[in-house]
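# Residue-level structure breakdown
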Amino acid sequence: MLVTPDGTGKSSDALNNLRLRLLRLWRYWAFRRTFYFISALVALWFAMTSERPWVESRSAPTAEEAGAARSALWQLRGRSSGLAEGIPVRLSDTEMAGISALVSHGLHPWRLKMTARHGQFEVQTSRPLVAGRWLNLRATFAGESTGFPSPQLSAGVITLPASLGRYPFELARWVLTLSGTDLAPLDEILRAVVVDKNVVSATLKLPSKTGLVDRLAGLYGNAIDSKSVVELYCELTAQQRAKPERDFAAQVRRAFASSNVPPSPSRNAATLVALAMLVGDEKAGYLAGVEPSQTNSCRINPPTVTLYGRGDLPKHWALSAAISAAQGTQLARAVGEWKELADSVSPQSSFAANDPSGFSFVDLAADRAGVQIAKVAIAPQSASATAKWLSIATADQLLPQVVLQGPEGITEGEFKRRFGALDANRYQTAVAVIDRALATAR
């Protein structure tokens, strides 16, 4: 310690007092900074959230809504056609309501509402948060736009003017690009938008392989290695060339016995997607970010594969299993129900070969069988045992014959009379019978 001539050490005390004052000042400034930061976060939380949802709760989709949504999505079937000018899409108010119903059902607890009224297009979404608060978002656009529009955006009580509405989308694209996603400029993806009374028309140029599918799967589902899917698909097509196989159970055994890689949740998920590409639809590869160009070297014409003599059941089983592995059980089950509802109002089914139009509980059973097996195949605690079981599984284990007795070809009116709706007790009881039969088969 420094000592003054009189030996009191006052110089040292003064220095210590200065240090203490500076420390108190720093702590006070740091406390105020933290207080203001937390206060700003709390204020932003209450500004961007609400006490009530903007989109009201609704019942399960109806057959009409499922049919309208399928009609809208069929417009995107030209995705792989490579049209330079883009794909024209036209959505009526009925089709937008159908899409809203399906999204709200399949992605619960998210709620979606799309409407076009008097030349104004509006998209609203609501999701419950903690403490009874709701995240409410709204995008509104009117008139027409060449290229990506600049809508008016709202989140809670915060509203961005239309002149700034494009910037959040540009920011999102910039962040995705920095993270390695090869995403085209917004004006190339969405070439034009026109809102005319109750109809929205747009021209889309959907990207091919960008990595975006993989990243979205990682956020909202299970990211699946696209290279593994391609490798497994090519293995299956090579075996099919060498020894054609029509039996679906044999194809499943091939898929899970062919690889030397030890089974794991990710490997099983990739196997299920590859199987769906072979026996269902090669576009199932999109679930793992696989584009058709990646399988050009090994692609074969879709083989005729049957289960109990029917060509539709393998497609239902395999596609539902792939969706479940990639996007979860809830969405996979919902997709199966939507397909059957849409069939009840459609003169032709989604799967034309040997697939009766109308709601089919046999098709639904195949959907749910694929979903249930995928669920245990990608679970860490059961992945290895399930892969071993699938490598020797029989047709009756994959889909017990007892479910083939279920009613088929049910029209929309008959479905309403007998089962009510997807959320009605009568329908849920019928589904529970199917699930019990499936559970006893394993």
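Rules and cut-offs
- Residues numbered from 1 in each chain as written.
- Predicted model: local features only at pLDDT ≥ 70, side-chain atom pairs only at ≥ 80, totals over all residues.
- Heavy atoms only, no water.
- Salt bridge = Lys/Arg side-chain N within 4 Å of Asp/Glu carboxyl O.
- Helix = DSSP H or I, 4+ residues; strand = E, 2+ residues; numbered from the N terminus.
- Buried < 20%, exposed > 50% of the residue type's maximum accessible area, 1.4 Å probe, protein only.
- Disulfide = S-S within 2.5 Å.
- Expected span 1.5 Å × (residues − 1).
- Contact = heavy atoms within 4.5 Å.
- Pairing = 2+ DSSP bridges.
- Axes fitted to C-alpha atoms, helices over the stretch in contact; angles between N-to-C directions.
- Core = buried A, V, L, I, M, F, W, Y, C linked by side-chain atoms within 4.5 Å.
- 1 Å grid on protein atoms, 1.4 Å probe; cavity = no way out; pocket = protein on both sides within 12 Å on 5 of 7 lines; lining within 4 Å.
- Points joined across faces, edges and corners; volume = space filled by probe spheres on them.
- Nonpolar A, V, L, I, M, F, W, Y, C, P; charged D, E, K, R; others polar.

### Considering the pattern of salt bridges
If you walk through the whole model with that rule in mind, you get 19 salt bridges. The partner of Arg299 in a salt bridge is Glu282, and the shortest N-O contact between them spans 2.8 Å. In this pair, Arg299 is assigned in the loop between α9 (265–279) and α10 (312–327) and Glu282 in the loop between α9 and α10, connecting sequence segments 17 residues apart. Taking relative accessible area as the criterion, Arg299 reaches 31% and is therefore assigned partly exposed.

### Here we look at the state of the cysteines
Applying the stated rule across the entire model yields 1 disulfide. Across the disulfide from Cys234 sits Cys298; the S-S distance is 2.0 Å. Taking the sign of the torsion about the S-S bond as the criterion, the disulfide between Cys234 and Cys298, at about -55 degrees, is left-handed. Of this pair, Cys234 sits in helix α7 (residues 226–242) while Cys298 sits in the loop between α9 and α10; the two residues are 64 residues apart in sequence, bridging distant segments of the chain.

### Re helix α4 (residues 167–178)
Here α4 is 12 residues long and its end C-alpha atoms lie 16 Å apart, about the 16 Å a rise of 1.5 Å per residue gives. Backbone geometry just after α4 places Gly180 at a positive phi near 105 degrees.

### Description of helix α3 (residues 93–106)
Each turn of an α-helix holds 3.6 residues, which means side chains three or four residues apart point in the same direction. Between its first and last C-alpha, α3 extends 20 Å over 14 residues, near the 20 Å set by a 1.5 Å rise per residue. For α3, the complete set of buried residues consists of Glu95, Met96, Gly98, Ile99, Ser100, Ala101, Leu102, Ser104 and Gly106. In this fold, the buried residues of α3 make contact with α2 (63–73), β2 (87–91), β3 (111–117), β4 (120–128), β10 (199–204) and α11 (329–344).

### Description of the sheet that holds strand β6 (residues 144–146)
Within the open sheet, the 4 strands sit side by side as β2-β10-β9-β6. Their pairing is antiparallel. The open sheet has two free edges, formed respectively by β2 and β6, since each of these has just one partner strand. Between one strand and the next, the sheet's axes are offset by a mean angle of 10 degrees, whatever the strand orientation. Relative to β10, strand β9 (residues 190–196) runs antiparallel, the two being bridged by 6 bridges. Bridge assignment links Asp196 to a residue of β10, and that residue is Val199. Most of the contacts of α3 go to β2, to which it runs at about 90 degrees, and overall it touches β2 and β10.

### Considering the environment of Ala318
Its place among the elements puts Ala318 in helix α10. Overall, Ala318 belongs to the buried group, its relative accessible area being 1%. Along the backbone, Ala318 and Asp367 are 49 residues apart, and their C-alpha atoms lie at a distance of 8.0 Å. Ala318 has contacts with Phe248, Leu272, Ala276 and Val279, leaving out every residue within four places of it along the chain.

### Concerning the nonpolar core
The nonpolar side chains of a soluble globular protein tend to be buried, and buried together. With 98 residues, the main nonpolar core has Phe248, Trp317 and Phe361 as its most contacted residues. Those residues within four positions of Phe361 in sequence are excluded, and the remaining contacts are Gly406, Pro407, Ile410, Phe415, Phe419, Tyr427, Ala430 and Ile434.

### Quick look at empty space enclosed by the protein
Taken as a whole and assessed by the stated rule, the structure comprises 1 cavity of 30 Å³ or more. The computed volume of the largest cavity comes to approximately 40 Å³. Around the largest cavity sit Ala369, Ile373, Gln397, Leu398, Leu399, Pro400, Leu438, Ala441 and Arg442, which together line it. When contributions to the lining of the largest cavity are tallied by element, the ones reaching two or more residues are α12 (361–377) and α14 (395–398). Across the lining of the largest cavity, the residue classes tally to 7 nonpolar, 1 polar and 1 charged.

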